Structure formats: structure tokens, C-alpha cells
There are 8 protein chains.
Amino acid sequence: MGFPEVILAEGKTVEEIEHALKRLLRSDGLAIVSRLDPDRREELDLPDGVETEYDERARLLIARVPDYEPPYRGGRVAALAAGTSDLPYLRESTRILEALGVEVREWVDVGLAGPHRLFSTLRELREFRPHAVIAAAGMDGHLPVLVNALVDAPVIGLPTPVGYGVGGSGEAALLSMLQTCSPGLTVVNVGNGVGAAAAAIKIVRTVLREGGDD
Amino acid sequence: MGFPEVILAEGKTVEEIEHALKRLLRSDGLAIVSRLDPDRREELDLPDGVETEYDERARLLIARVPDYEPPYRGGRVAALAAGTSDLPYLRESTRILEALGVEVREWVDVGLAGPHRLFSTLRELREFRPHAVIAAAGMDGHLPVLVNALVDAPVIGLPTPVGYGVGGSGEAALLSMLQTCSPGLTVVNVGNGVGAAAAAIKIVRTVLREGGDD
Amino acid sequence: MGFPEVILAEGKTVEEIEHALKRLLRSDGLAIVSRLDPDRREELDLPDGVETEYDERARLLIARVPDYEPPYRGGRVAALAAGTSDLPYLRESTRILEALGVEVREWVDVGLAGPHRLFSTLRELREFRPHAVIAAAGMDGHLPVLVNALVDAPVIGLPTPVGYGVGGSGEAALLSMLQTCSPGLTVVNVGNGVGAAAAAIKIVRTVLREGGDD
Amino acid sequence: MGFPEVILAEGKTVEEIEHALKRLLRSDGLAIVSRLDPDRREELDLPDGVETEYDERARLLIARVPDYEPPYRGGRVAALAAGTSDLPYLRESTRILEALGVEVREWVDVGLAGPHRLFSTLRELREFRPHAVIAAAGMDGHLPVLVNALVDAPVIGLPTPVGYGVGGSGEAALLSMLQTCSPGLTVVNVGNGVGAAAAAIKIVRTVLREGGDD
Amino acid sequence: MGFPEVILAEGKTVEEIEHALKRLLRSDGLAIVSRLDPDRREELDLPDGVETEYDERARLLIARVPDYEPPYRGGRVAALAAGTSDLPYLRESTRILEALGVEVREWVDVGLAGPHRLFSTLRELREFRPHAVIAAAGMDGHLPVLVNALVDAPVIGLPTPVGYGVGGSGEAALLSMLQTCSPGLTVVNVGNGVGAAAAAIKIVRTVLREGGDD
Amino acid sequence: MGFPEVILAEGKTVEEIEHALKRLLRSDGLAIVSRLDPDRREELDLPDGVETEYDERARLLIARVPDYEPPYRGGRVAALAAGTSDLPYLRESTRILEALGVEVREWVDVGLAGPHRLFSTLRELREFRPHAVIAAAGMDGHLPVLVNALVDAPVIGLPTPVGYGVGGSGEAALLSMLQTCSPGLTVVNVGNGVGAAAAAIKIVRTVLREGGDD
Amino acid sequence: MGFPEVILAEGKTVEEIEHALKRLLRSDGLAIVSRLDPDRREELDLPDGVETEYDERARLLIARVPDYEPPYRGGRVAALAAGTSDLPYLRESTRILEALGVEVREWVDVGLAGPHRLFSTLRELREFRPHAVIAAAGMDGHLPVLVNALVDAPVIGLPTPVGYGVGGSGEAALLSMLQTCSPGLTVVNVGNGVGAAAAAIKIVRTVLREGGDD
Amino acid sequence: MGFPEVILAEGKTVEEIEHALKRLLRSDGLAIVSRLDPDRREELDLPDGVETEYDERARLLIARVPDYEPPYRGGRVAALAAGTSDLPYLRESTRILEALGVEVREWVDVGLAGPHRLFSTLRELREFRPHAVIAAAGMDGHLPVLVNALVDAPVIGLPTPVGYGVGGSGEAALLSMLQTCSPGLTVVNVGNGVGAAAAAIKIVRTVLREGGDD
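Residue numbering note: each chain is counted from 1, following its sequence as written. Here every chain gets a letter starting at A, and every ligand a number starting at 1, in the order they are written. At least 70 in pLDDT is required for a residue's local features to be given in this predicted model, at least 80 for side-chain atom pairs to be given and counted, and no such filter applies to totals for whole chains, interfaces and linings, which use all residues. Note: side-chain values were computed over all heavy atoms of the structure, leaving out hydrogens and water.

Draft legend 1. A look at the sheet that holds strand β2 (residues 30-34) of chain F. Residue and element names in this part refer to chain F. Read across the open sheet, the four strands follow the order β1-β2-β4-β3; overall the sheet is mixed. Two strands in the sheet have a free side with no partner beyond their single neighbour: β1 (6-8) and β3 (51-55). Ignoring strand direction, the axes of neighbouring strands in this sheet form an average angle of 20 degrees. Two elements, β2 and strand β4 (residues 60-64), share four bridges in a ladder whose sense is antiparallel. The residue of β4 that forms the bridge with alanine 31 is alanine 63. Helix α1 (residues 14-28) rests against β1, β2 and β4 of the sheet, and its axis sits at about 150 degrees to β2. Pairs of strands are assigned from DSSP output, requiring at least two bridges between the strands. For helices the rule is a DSSP run of H or I covering at least 4 residues; for strands it is a run of E covering at least 2, with both sets numbered from the N terminus onward. Here, axes are lines fitted to C-alpha atoms. For helices the fit covers the stretch in contact, and angles between N-to-C directions go from 0 to 180 degrees. We call two residues in contact whenever any of their non-hydrogen atoms come within 4.5 Å of each other.

Draft legend 2. Just the interface of chain B and chain A, in detail. With 40 residues of chain B at the interface, the matching set in chain A holds 40 residues. Each of two parts loses accessible area, computed with a 1.4 Å probe, when they are put together; buried area is these two losses added. The junction of chain B with chain A conceals about 3100 Å² of combined surface from both sides, 56% of it contributed by carbon and sulfur atoms. The salt bridge criterion pairs a side-chain nitrogen of Lys or Arg with a carboxyl oxygen of Asp or Glu, the two atoms within 4 Å. Counting every contact that joins chain B to chain A gives six salt bridges. Across the pair Arg205(B) and Asp152(A) runs a salt bridge, and its minimum N-O distance is 2.9 Å. We define a polar contact as two N or O atoms separated by no more than 3.5 Å, with the added condition that, inside protein, one atom must be a possible hydrogen donor and the other a possible acceptor, whereas residues neighbouring each other in sequence contribute only through side-chain atom pairs. Between chain B and chain A we count 18 residue pairs in polar contact (both at pLDDT 80 or more) in total. Going through the elements one at a time, α5 (142-150), β8 (155-159), α6 (171-178), β9 (186-187) and α7 (193-209) of chain B are the ones with two or more residues in the side of chain B that touches chain A. Ranked by residue count, the leading element in the side of chain B that touches chain A is α7(B), at ten residues. Note that Gly is not counted as nonpolar here; it falls among the polar residues with everything else outside the nonpolar set of Ala, Val, Leu, Ile, Met, Phe, Trp, Tyr, Cys and Pro and the charged set of Asp, Glu, Lys and Arg. Within the side of chain B that touches chain A, the residues separate by chemical class into 21 nonpolar, ten polar and nine charged.

Draft legend 3. Looking closely at the domain arrangement of chain A. All names here are of chain A. Boundary definitions for the domains trace back to an automatic or database domain assignment. Domain parsing of chain A yields domain 1 (6-64) and domain 2 (76-210). Using C-alpha coordinates to define each centre, domain 1 is positioned 26 Å away from domain 2. The interface is formed by twelve residues belonging to domain 1 together with eleven residues belonging to domain 2. Taken together, the two surfaces of domain 1 and domain 2 that pack against each other cover about 980 Å², and 64% of this comes from carbon and sulfur. Where domain 1 meets domain 2, there are two salt bridges. In this structure, the salt-bridge partner of arginine 95 is aspartate 55, at a minimum N-O distance of 2.7 Å. Run the count over domain 1 and domain 2 and you get two residue pairs in polar contact (both at pLDDT 80 or more). Every element with two or more residues in the side of domain 1 that touches domain 2 is listed here: β2 (30-34), β3 (51-55) and β4 (60-64). A class-by-class count of the residues in the side of domain 1 that touches domain 2 yields six nonpolar, one polar and five charged.

Draft legend 4. Structural view of the relation of the copies chain B and chain D. When the copies are superposed, the least-squares fit takes in the C-alpha atoms of residues with a pLDDT of at least 70 in both. For the match of chain B to chain D, the screw axis carries a shift of 0.0 Å, the RMSD comes to 0.0 Å, and the turn is 180 degrees. The operation mapping one copy onto its partner corresponds to a two-fold rotation axis. A shared binding surface is used by both copies, with 100% of the interface residues of chain B retained as interface residues in chain D.

Draft legend 5. Main features of the confidence of the model for chain A. Confidence scores labelled pLDDT are given residue by residue by the predictor and lie between 0 and 100. This prediction gives chain A a mean pLDDT of 93; 96% of its residues lie at or above 70. Model confidence for the complex: the whole-complex pTM is 0.95, and ipTM, which rates the interface, is 0.95.

Draft legend 6. Geometry of the packing of helix α3 (residues 87-99) of chain F against helix α7 (residues 193-209) of chain F. All names here are of chain F. It is at 7 Å that the axes of α3 and α7 come closest, and there the two elements cross at 40 degrees. Considering their axes alone, α3 and α7 lie oblique with respect to each other. Between α3 and α7 lies a crossing of right-handed hand. Across the interface between the two elements, Tyr89, Glu92, Ser93, Ile96 and Leu97 from α3 touch Gly193, Val194, Ala196, Ala197, Ala200 and Ile201 from α7. Roughly parallel covers angles under 35 degrees, roughly antiparallel covers those over 145, roughly perpendicular covers 65 to 115, and oblique covers all other angles. A crossing counts as left-handed when the near helix is turned anticlockwise from the far one by less than a right angle, and as right-handed when that turn is clockwise.

Draft legend 7. Expanded view of the relation of the copies chain B and chain A. Of the transformation superimposing chain B on chain A, the axial component is 0.0 Å and the angular component is 180 degrees, with the fit at an RMSD of 0.0 Å. Looking at the interface residues of chain B, 100% of them are also at the interface in chain A, so both copies use one shared face.

Draft legend 8. Expanded view of the pairing of strand β8 (residues 155-159) of chain A. All names here are of chain A. Using a 1.4 Å probe on the protein chains alone, a residue whose accessible area is under 20% of its type maximum counts as buried, one over 50% counts as exposed, and one in between counts as partly exposed. For β8, the buried fraction is high: five of the five residues fall into the buried class. A two-sided burial pattern is seen for β8, the buried positions comprising Val155, Gly157 and Pro159 on one face and Ile156 and Leu158 on the other. Strand direction decides the pairing type here: strand β7 (residues 132-137) and β8, joined by five bridges, are parallel. The partner of valine 133 across the bridge, within β8, is valine 155. As paired elements, β8 and strand β9 (residues 186-187) share two bridges and run parallel to each other. Residue pairing in the sheet places isoleucine 156 in a bridge with threonine 186 of β9. Handedness of a crossover is defined as follows: with both strands directed away from the viewer, a clockwise route from the first strand across the helix to the second makes it right-handed. Between β8 and its parallel partner β9, the chain crosses via helix α6 (residues 171-178), and the hand of that crossover is right-handed.

Draft legend 9. Structural context of helix α7 (residues 193-209) of chain H. Residues and elements named next belong to chain H. Helix span is expected to be 1.5 Å times the residue number reduced by one. Between its terminal C-alpha atoms α7 stretches 24 Å, which fits the 24 Å expected from 17 residues at 1.5 Å a residue. Summarising burial for α7: 15 of the 17 residues are buried, a large majority. A positive phi of about 105 degrees marks glycine 211, the residue just after α7.

Draft legend 10. Expanded view of unusual backbone geometry. All names here are of chain A. The backbone of aspartate 109 shows a phi angle near 65 degrees, a positive value even though the residue is not glycine. Counting through the fold element by element, aspartate 109 comes out in the loop between β6 (103-108) and α4 (115-128). Take aspartate 109: its relative accessible area is 42%, and that puts it in the partly exposed class.

Draft legend 11. Structural context of a negative patch on the surface. Residue and element names in this part refer to chain A. Together, Glu15, Asp39, Glu42 and Glu43 make up a negatively charged patch on the protein surface. The leading source of residues in the negative patch is helix α2 (residues 38-43), at three residues. Following the sequence through the fold, glutamate 42 ends up in helix α2. Given a relative accessible area of 64%, glutamate 42 falls into the exposed group. Candidates for patches are residues over 30% relative accessible area with no salt bridge; among them, like charges are joined within 9 Å and nonpolar side chains (Val, Leu, Ile, Met, Phe, Trp, Tyr) within 5 Å. All accessible-area figures derive from a Shrake-Rupley calculation using a 1.4 Å probe, and residue coverage is judged against the displayed protein chains alone. Under the convention used here, Asp and Glu are negative, Lys and Arg are positive, and both His and the chain ends fall outside the count. Here the site of a charge means atom NZ of a Lys, CZ of an Arg, CG of an Asp or CD of a Glu.

Draft legend 12. Inspection of the environment of Leu122(F) at higher detail. Residue and element names in this part refer to chain F. Relative to the helices and strands, leucine 122 resides in helix α4 (residues 115-128). Separated by twelve residues in sequence, leucine 122 and valine 110 have C-alpha atoms that sit 9.6 Å apart. Excluding anything up to four places from it in sequence, leucine 122 contacts Leu150 and Val151.

Draft legend 13. Here's a closer look at the sheet that holds strand β1 (residues 6-8) of chain B. All names here are of chain B. Taken together, the four strands give an open sheet; going across it, the order is β1-β2-β4-β3, and neighbouring strands pair in mixed fashion. Two strands bound the open sheet, and with one partner strand each, they are β1 and β3 (51-55). In this sheet, neighbouring strand axes are inclined to one another by 20 degrees on average, regardless of whether the strands run parallel or antiparallel. Here five bridges tie β3 to strand β4 (residues 60-64), and the two strands are oriented antiparallel to one another. Across the sheet, the residue bridging to aspartate 55 is leucine 60, located in β4.

Draft legend 14. Structural detail: the pattern of salt bridges. In this structure the tally under the stated criterion is 115 salt bridges over all chains. Here Glu103(E) makes a salt bridge to Arg105(E), at a shortest N to O gap of 3.4 Å. Overall, the relative accessible area of 38% leaves Glu103(E) in the partly exposed class. Close ionic contact of Arg23(G) with Glu5(G) constitutes a salt bridge, the shortest N to O distance being 3.2 Å. Here the residue Arg23(G) occupies a position in helix α1 (residues 14-28), and Glu5(G) occupies one in the segment before β1 (6-8), the gap between them amounting to 18 residues. Arg23(G) gets classed as partly exposed once you look at its relative accessible area, which sits at 34%. Using a relative accessible area of 42% as the deciding quantity, one classes Glu5(G) as partly exposed. Several salt bridges share partner residues, and in doing so they unite Arg76(A), Arg129(A), Arg209(B) and Glu210(B) into one network.

Encoded structure:
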């Protein structure tokens, strides 16, 4: 439905990944592999002439044929992370969005401790006029709730498995977002950066289809 | 942020509800009360000249001044319910959306048992070209996953507390949607029809702002 | 330990409550009954000359002999509620604190939606120079986290059973406070207003003992 | 009760496994070892003349004497996996069923994304006229629910520990199957391929006993 | 798929139930209403000439036209309950099975306390030669595990919400059945008597189709 | 209280273990170390003349001075394990009991599959006339429930972390025992062999004190 | 097994209770009904000459024939409750024990607040020389842990559903007892007073059988 | 807010840690790194002249410039651990407090087994007149509850992930503290030593500000 098939590397052999990659490059000109560890990336043997980009933190590989034309130029998505430890999950979203032609702007370390930083971020964010916002947070999951209350674009909450003690694998962050006191925040599952990117694409696509490419 | 304040009737006295209603009618021309039981609706004393609409199944009251101008004309949202028992929650969304000027089309009883019905629904839904889709389901929560896989508009999953035994208060439906095998589905909490409406409005507003009023 | 015994009305007969009340009035000059429903309050027969105060929302009865001398004069505690629905729990704390001589100041509806309101509240709160802060919130539990990040007095988080769907009986609020990204917030159990008051008294008492009665 | 004892390799020494294998080969002519890692399989020393088959993905070893006569010839079981990552669990079922003489047909990657593939699978499945169906799925667990709604043979849901975030160790898939909106689906525990095979055998055995060997 | 649609009375008005009943009587000659309270049964107005049967304990209504021909004559299902408190759930299964023409035999109070009773039950059960067994139990859920170990017909575990303390709403019984040490037991959700009946019908139907009507 | 202090090796250095061992040998003549891995046991340097016994499966070390006089001679405890995988936990109990002078008899693999074996075990067990019974089981936890129903000595259920899928770390076994349909079964936590031994000693001690050493 | 069958009134009609009562009076001379509400007790019609005792707090009825001879004279059980709200559960145990001839001594309100009271209780308790101790507690469940550490008789922890907020239905008390830092404490399920009595009887019976009737 | 920023080493590279350390040393003269493994501590390259202290058990590094002036001299905090296995978590608190100038006194192994030791500890603790108490405990979490009942300073409960079986990762300890029967105990999340230190600082700071430096 307009979002590329993503190859989940976990539970697949190198041969199975290569096979899927080649199939997708042939049919779509683009192939994305998620949760691919660096050592396994080394083992992959790709066809000549394919351009690749590998993000180690996000464990994401993007491969494309030279004349690949990304379908969502004109789309704009804002990406926020409460802290640097949330980046592996957020980058899974942003790398995919960029590969699809979306303009992405990223803000990191937008925490409660520094309200000045938060408010300057919100100002910049509004000026960017995003079609959608992805807000990643672990621990108490407050960032997406806060951003959703203060911004009128659609906000997708991406809980991350960052935390400690009870609820620290992302459950507290997820529950907090589900209980949001600012209506309109929606969420994907803990650490599901691919899902957040796909949700953002669905919005971008609808905006572009309806004439919104200003 | 462009979505009206909603008065939650639970935990408030009739006086407190009336007071809030009048304040919102004065400032916005529109006032919405959620989770308002029929007998308490009877007790409410509203100002003269105010138009009201009360949906008993959704326990929702909408009051507006005669010259209220809904802000989201041109918006289109599709609303689906797996069964009639999901309607109380879905209608909380659709009544609010309609009050705000959005064109809403509704499909009910779109289950797995009748695949023909499902496919005719999907065809009609695509022809409607919605800016967003709200899909409500309890039990196994399959409808939103299925619709998200087959439709390219943004889909908001609304789990409902319909079911039996273990996981039957909406947890199974929620988990199922969070684990969706079709990427891009986002969710709100169980029974949170207000939240689903607010999320849809954020998308509609972005589409309209970017020029999409065809 | 300096905090009065509180009679939990739940699970006790009227006779048992009266008996305990009289015992405490004789020994301490003060008797507090929590979770006492209005109709049962009516049935209680108290000794002549006893002054009583009953808070229906908090379901709390305070009885004292005329010459009762509250022990914590000079203490100052700030009390915040995210919304009015959190008041029954917060008032359980504040009524007890006031009965013990503590100066209490209360702020209600200090949510995320209105950042201006939040910041004016914080300014007033700092001017009050409280020895301790009790912050009550249900749903996403963000208020105590936010206040703890921005105020340097000890903050006691009081999660309340206010919310909807999964995590809506106070679990989400509790988990969110336990996962706080602003270090130093401590919590009591959901709806435990008596516990929050007792924790505040322990701090007040230590401050007063160490000479801090300015 | 007509289903062979299965030796669980986990928590047993090589000697204990060998001892049990020999005992079963002597008494039944067939011995099955589950959850046996490849390196431990190498260490096993089996009697001369025993035929073995080892499935690395399913970590399952089957050993039989040359003249072993499988008891369930004429039985037919269909096996479906939502994705390749579900195969380790499904193959535990199918390898055992084949060893017992049952005719097994397998369909993999029967997801929601491609409805055409799903419907061609269902057509082939009906033509096969299985006595029982085992449907394996992780994540949202939708495949068994869907198949149960559209096929009239008994369907055994086999949830697998495939997924991410909250509910991703098979709990979401299990709950979804337990909440099935299509009545008649039964389930075994997450990853319990041996149990699914045994349940299928009980049905096959009853069909064959009652004359159904066409 | 060969199992009649069952009308869930919960969440429906009397008119909606009557409407659905008439539709099913017209199309199938049989209509089943589950979870129907006695007082609401009284209010139902059925067409002349319709035969009805109402089981108060199971809260189940069965209505049929005079010339209704049950489709599963020749089918045999055994039904066991650990105690009388499990009967409301088991009877939901057995009443439906009988309406469909299946021969049902029932054993109640087949507990651990009296091993003699258990063994005489097992002997009778084997003589009955059932195509399927439904075993209902709450508390520790042991009966289905025990029966599955000692009988070679397919056994469907039906956990019931009978118990006390932690795990007493059927969770302990369900978990115990999912962890069964005797392979081959399958389960439906807690209290899902309709699902157990549907699962039994799927087996009966397969046996009958394959020639097993002795 | 008559039960020796047990040194938990987990989280202690070799020096800390040695130090505690020597202290206990001096004061009591007996020292017990639990959860001690084989390689760490090798590193321990014990005083000359101390007799030691190390059970690798139970990871338990017992050290005593030559003239140590065990205090509970005359005590009799029966120990049952549902399967061999439960032995590591049961042996933690039995090795300690033997070191304290209790006569222990052990039965392993007392499952449901072989009722003959179960009944011969029960007969032998009754002839042994134990003061207490420890029954260890994982998975569905049925053995302790069954034994408690059929034996009149006190039965201590010891759930073990043996199982698969949901509830497979001992939760299902624990819940099943807590929901026991045969009254009088008590339990300790999952895998707590030390606790089960201590509970048995409390009973043995009371029996012996009251004159029961036949 | 030496413990009388107890009739659980919940889920039974008055006729079914009467029938069971008469059967037990005929066979054993004693009949016990648990969880029997006062109004239903009024409706029961018992045979002439039967002596009855009804404890409203424990909702327990004991009926016996005039010449009933209690079997466990000489047995001694200590019963402790952390607070009066735990009494309904503890009394279920003690009323049954007394009916069976056991000498029961009871201590109530043995909390942490008054260490003097706790220590005088422990002294009296030791002088009583009980064969077993039942210790009931809700909330943090500390009493049984404390008593088990300081007394050498077998202690049975009886968690009660007394508490507030998260874990307040007895889960916290149960978990706390299962995690006891004083080895040897065993537990029954939350509120299972019948089970605690049965466990105590098993110990008493073993002591008496082995000669311990001093 | 008066508490230093703490660098969480988990999820950061050595370079990122060094960078943050230098930034904090420059701005505050003090830098704290938590959850830093010994081998990674070795890799860190710090500026000349910086004084460091590394606690291996707590995995905590404290670095300061030579003329750093700790801000909380005159503060007094008592620190208690139920056992040595709780020390890694408690020391995270105490090392930070000491670095900030607070006088810390520590008591370890303050269990229930030795009531004499407990009471001598409480006497010493009262003589120390702490501004706040941090009490760490795993398993049943009783120590903080007990101390809170017997001491009038504010007590912060620090649950630790020490235990076994169900609830043994700190959940039982946390729940037990949340259900405390002695009012006034507050808690931080499991293993959150940094949070406990920050909470203590907030109290110390308030006491010192209000004049309490005796």
C-alpha cells in the first residue's frame, strides 16, 4: 500500500536476506533490511551497481538501484527523541523516510529538564510545518504527550525500551502515551520504528494526493 | 490545538457540567460532553437558543449556538466497526467529527465471517477517498489490521472493551493491533473514541491546510 | 511516630468506628476517619463538645477536642492536582495536613494544555517556599514528573485511579512516576492520600526540628 | 494414548538422551527428540542400523528401526505458517506427523498483505480435504483466526514467540486466538509444536478409527 | 462453516435480539441466543409455531421451526465438569450440540478427591467412543489434563471462571491447561462454551464426512 | 529458629563465601552454600578436616566438622518430583534435610501418564509414614495437588521453573497449586528448595518435640 | 483425607446446600458451609436436633449431630491477624479448627506499629506451644514473615484481600510472603481460610498420630 | 534543581561519556557516571588534575576538580541495606551523597532474623538524627516498612532486584513498600539508587535552607 516491504533480518540466514534483497531491487528498485547486525551486514553480497547506506545505530540497511526515484518528495516529517538512547529506534524511522524522499528534520535531547530548549524546539518545529511528527521516548514517555499538546500536526508516539526497574522495557512509556491527557496522540508498539515510518508515510501520501505539495 | 475541549461527565456534578458547558458555548460556540448517562442528561439545564444533540449509545451530548460554524468542512473520515457492540465507542468519534464539519461515512459488521461483505466495503471505502480511517474492534482486534493492510489512508485502531474471558476487556484487541503484521497502523487506548476523533482531526487539518480540499 | 493513627472506615461497623474515635479523642485530642461514606457519617454519634469537619469529596472526617493544639504550625506544604477528578485523593492529604497545623496551598487543573497556567503556578509555588509538595495525577501521571523537574522542594507523587482503558486505574500514572526522567520524585500507592500526608509530615517535622520555622 | 513419548533434550545430558532413545527404539521402533541443538546432535551415539532424520530449524531428531511401520497412514493434516520465522515451531509439528505416517501439506507466508495468495491457498487447502489444520502465527496471530473462519476442518492455533515490543513473545498472538471472533478455533501454548502435533493425531486417529480412510 | 451463527444477547436490545432470531429462523430454521438473562427471555416475543428451549443455568435459548432437521446426527461428544459450578459454561456447549443433533453424554463432579469415581467415569467414557470430549474446569484446571492423558479422543479444555484469590477468574485453569504435561490438549478461552461446541462440531463434521457414522 | 543459616552464593565473592563458611562451621559445625556453580566450588579453600559434599545438579555444598551431630534424627520426609527436570530444585531440599539427620525417601517421574506408577508410589509413600511431603513440579503443577488429595501428611508444593510458552517459568505451576481443589496444600515460591526444606524441618521439629520419634 | 468436605455456598441454590448438609450430617455427623450470606442462612431448613453455629463475619455455618465427636482433640493451633479487617478470613480457619476439636488461641492487631505488643504476643504464643500457626495479613503481608522468623512452629501465611491501590487485593501480601526472607513460611491463596485450616489439620494429625498429645 | 546531572553509561560510547564528563567538570566541577562497567572505566581518558573515585560494586565513577566545593555540607542521611546483595544499589545512592558533602552513615544486614541487631541499629540511627533515611531491600521488602514505622525521619524505600521465583526482580519488594502498613514511606523504582539520592538531597536542601544546619 505504497510503503515498501521491509526485510526483517532477525531469524533469516544471509542467503535468505540476499535473495529477498535482490527480489525487491528488481521489482521496486529499493530494498530495506531492518535489525541487521554489523557483522552480518559484512557478509552480505550485493549486486554490482547497487548503492547502499548502512546505519549501525539503527541496524538498518538501505539498498537502491542508481536510477531509483523516491516516491514521496515534498513530504515533511519531524522526528524528536527525548534522549540519545532513543536514537536507535527513531533512526529506524527517519532513515526509511529519507530513502522514500521525505524531508526529515530531527531534534534530540528534548527533555523536561531544560524548558528553554523545549520551547525553542517547538518554535522551530512549527516553522518546519511537518505533515506528521514522530516522537520517541522511553522511561516516563512524556515527550510525545507534551508535543501532542502543543503542536497541531498529527503526532505518532514511539515508545522505546529505555528505562530501569519495573516498566522499564518500554511498558511505562507505552502506557503513559495510551493514557495521554492531550487527545489525539496515537502510538505504535515499543521500538517499532518501521511502523512509525509507515504511519507517517500514510499521512504524507494522503496530504500529497490531496494536492498539498505547496 | 484545533480540537475542542471535551467535558468528561464522569466524576463531575450536574452544576460543574453546566458551568463548563456555558463557558465553552461562550468561548467556542460548541460544547461536547462525553460519558454522560441519559438520566443525568435530563437534569442538565441549558441556555435558551442552544441546539443540542444527544447520542444515547455513545453517551455523548453536543451543544452549539445557532450560528456555530464547524471548522473542518471538506474533511472526510471513514469509520468502521467490527460489530454492533463496538458502536458505543465508534460513535463517540463520529458524532464529534460530524459536529466539527467532517463528512463521515460508517460501515458496521465488517467481520471475517463474510469476506464478500468485507471486500465490497473496502471498494466503497476506497471510492470515498477518506483522509483518515477509524476502525473499531474488540475481541481479536483483527479488523483494523486487515483494513490497514488493504487501504492506503492512515488507519487509527480503536480497541473496544468487547470480548470474554482472558484479555476480553480490550487488552487482546489492543495487543493485537500493537503487534500488527501490516505496518503503519497506529492505536489509541481501549474505548478512547474522543482520542481517535482528535487524531483524525489532526490529519484532516493538515490535509486541508496543505491545500487538500479538492 | 508523630503522625496520628487514622481510622479506616471500610470494613468497620459504626460501633467500632465510634469506639476508636473516642479512644483517640481521649488520648490525642484528635481523631481522623478515612473512607467514610456520607450516610455512615450521619449515623455516627460523637461526644458532646467535640468539633468536627467532614469533607464529602474526600470522605474524610476530622474530630477534635476544643483545646486541641495542632503540632506542626509553621509547616508549609504545596498541593497540586492535574484535574478536578484528582481532588478526592488530594483532599485526603490536605485536610489531614491542615488539621495538624500545616499551612497548605492548593493548585488545581495544572495540566499540559495550558503552559501559561503551568508556569504561573510554578512561580507562585516557588514564592510559597513549601517544605514539601504533593502532586496528584491520574492518566499519564505527568504533572508530578514535571513539577519535580522544575521545583527544588521534595515532591511526593500521588497517582490517582483516574483514566480509561488499559492502565486507567492508576497503574499508568504510577509507572510513569516510577520511571520519571527527573530524578528525586518519590511516590506512594495509587489513591493513598493518607500516605502522602504522612510523608509530608515526616519532612515538615524534620525541617521544624532542625530549626526551620523562619 | 497413541502418541509417542517425546524426549525433551533441554535439561538432559547426552547420556540420558541416548538412554531414553534406545529404550524407545526397543519398545516402539521410533524415538523423537525435541529441542536438540545441532552440536549436541553430533555427540549422540546411536545403535547401528537405526535410520535418523534431523531438522536443524526445528531442532528435532527422529530415529527409527528399519522395519518401523507408521501407525497413521491415511491421515491428512494441513500446516500453515504466517511467515518463515514461524517455521521452527510449525516444523516441530509436521516432522512428527510425517514420521507417524500422516500426509502433511505445508503453506508458508500466507499473510494478509497478499489477499490473492491467501485465497489461492484456501482453495488448495479445501481440495486437500485435511482431517485437521495446524496454523502457526506470531505477532497479531491473525492467520489461524482467518483460516478457522473460512475452512470447516478443525483448526489448531499454534502461537509463536515471533514479534516485537509489548506482547511480542507470543502473548499477543495467543490472546488474539483465544479471543477469536470465529468460533471453533482451539489453541496450544506458545511454541508448543509437539502439542499441536499430538492434538492433530487425536483427531486423525478418531477419523481413521471411525472408518474414514477413504 | 457449518456451525450456526450464535446471537450474543449482551449489549443488544430486545428488539435487536428478536430481529436476529427471526432472520435466523427464516434462513436456517434454528436460532441460538447466548448469555440471555431470564427476565429478558420473558420479554422476547417469538413467532407462532416456533419451538423453544431455555436453559436458565446456561442462560441459553434455542428456537427452531417444527420441521428443523439437525445436521449432525450420528455425532457423539462426551462432556465432563470438574464440579457443579462449572455447569453453566459446559451446558452452553452441550445444549448447542444437542440442538444440532449430536449425541451428548455428561459426567459431573469428576474430581481428584474420589479416584474410584474418576476411573469408573473413564471406563464409561471409553465405552461411549466419543468423537470429541469437552472437559470443563476452574480452579487448578486439572480435569482436562488428566482426561487428555487417559483418553485417546480429542479433548477440548474449557476453563471456567470458578476459583478464589489470585488466578481465580479462570487464569490459573487456563494456564494450567496450556502448560499441560499430557500433549494434545487444546483449549478455548475462559467460559467460552460456544467456542468449545464449535470446535467439537468441526471434529464431528470431519468424522462424519469421512464416513464415520458407524 | 532451628534451621541453619544458608549462604546464598549468588552475588558473593569467593572470599565472602569462605568467610561465612568458616564462621558457620565454628558456631554450628555445619555450613550450607546454595546456588554455587561448579567452577566456583573449585576455587573455595576450606579448613583442614572439614567434610564436604557437593551436589552439582542442585549446586549445593554442605560442609561439616567431623563430630557434627545432626539435630533431626528420627524425622522422615518424602520427596517427589514430577520429572527429572524438577530434580535440581527438589535436591536442594533433600540434601539439606539429609544433612540435618532427616530420613528422606525420593520418588521421581511420578507423572499422570502412568497411573499404575502413581498408585504404587502412593502406596510406598503411605508405608513410609512421612512427617511431611515435598512435591516438586513445573508445567501444570498437578503432582502436588494430586498427592495432597490422596495422602494425609502435610504436603509442601514446590513449583519449578520448568515449562514452555506463557506461564512456563513456574507461574502456571504456582497458580495451579494456589488454586488447588484439594484443600490443605501449601506452597513456597518457584524454585525455593531451601524454603521447602525449612518448612519441612518446622513440621519435623514439632512432631519430634511432641514425642513423636517412635 | 481426614479433613471434612466443606460446602461452598457460592453458586449453589438453597436446596442444593440443604441436600449436601443432610448428606454430610448422615455420613460424618458434621457439616460445614462456607461463604454463606446471612440472608441465605435464614432460608436454610435443617433437620431437628442438629446443633448449629453461624459466624456472620466469616460467613461460615457449622452443623453437627448432638453426639458428634471431634477428631482432633489435643491439637493446638495459634491464629494471628495483622488487623481486624483480616478477621473474616482468619475466622473461616479458626471456626473450622474448633469444630474439629482443636484448641485455638487468637491474637488480633499484631502490627508493626507497636513492637511491645508484638513481643508480648510472641511470648504468649511460645508458651502456648502450638503445633501450627496461621498468620493472616493483607497490605504488605509482613506479619507472617515476622512471626515465621521468630517462632519455630510451622507457620502458614494467609494473605487477605485487604489493601489499596496497586496490589491491594492481596497480591502484594501474597508476593511478599512468597519472597519471605525468613525460610520456612508456606502460603495458601488469598482469602483461602478453608485451605489454611486444612493445612493446619494435616500437621496436627501427624503430630497426634506420632504420639504427640502430651 | 540542585542535583547534579548524572551520566548514564549504558548505551553510550566511551567518547560520548568522556565528552559529557568534560562538559560537566567545566561547568560544575563535578561529574558522575552511573552503570559504568570496570573495563569501560579503564578505557576512559580524563583530563589531568581531575580527582576520581570509582566504586566497582556500585559501578559508579565520581570525578571532580581539585577545588570542588560540595554544596550540602551539614546534611545527614542514614543508609540501610537489608543484606549485602542490596549494596550495589544502596552504594549508588551513598557515593553520590558523599560527593555532594552529605554526611552518610550506613548499616548493612539489618534483617528480621536478628531482632537485637535491628533494635541496636534503630537506637544508633535515632542518635544520628538523619534528615532522611534511605532503606534498600529486595525479596519481601520489609526493612523500609519496619524502619518507617519506628523512625520519624522521612524514609525513602529503595527496592532492589534481589530475590527468586515469582516477583523476585524487585516487584514483590516494590509492591510491599507501596502497600506499607506504616504510613509515610515513599519509594523510588527498583534499583534506582540515583533517584533515592536525589530525593534525599531535596529534603536535605530544604532543611539546610530553612536554617537547620545545627
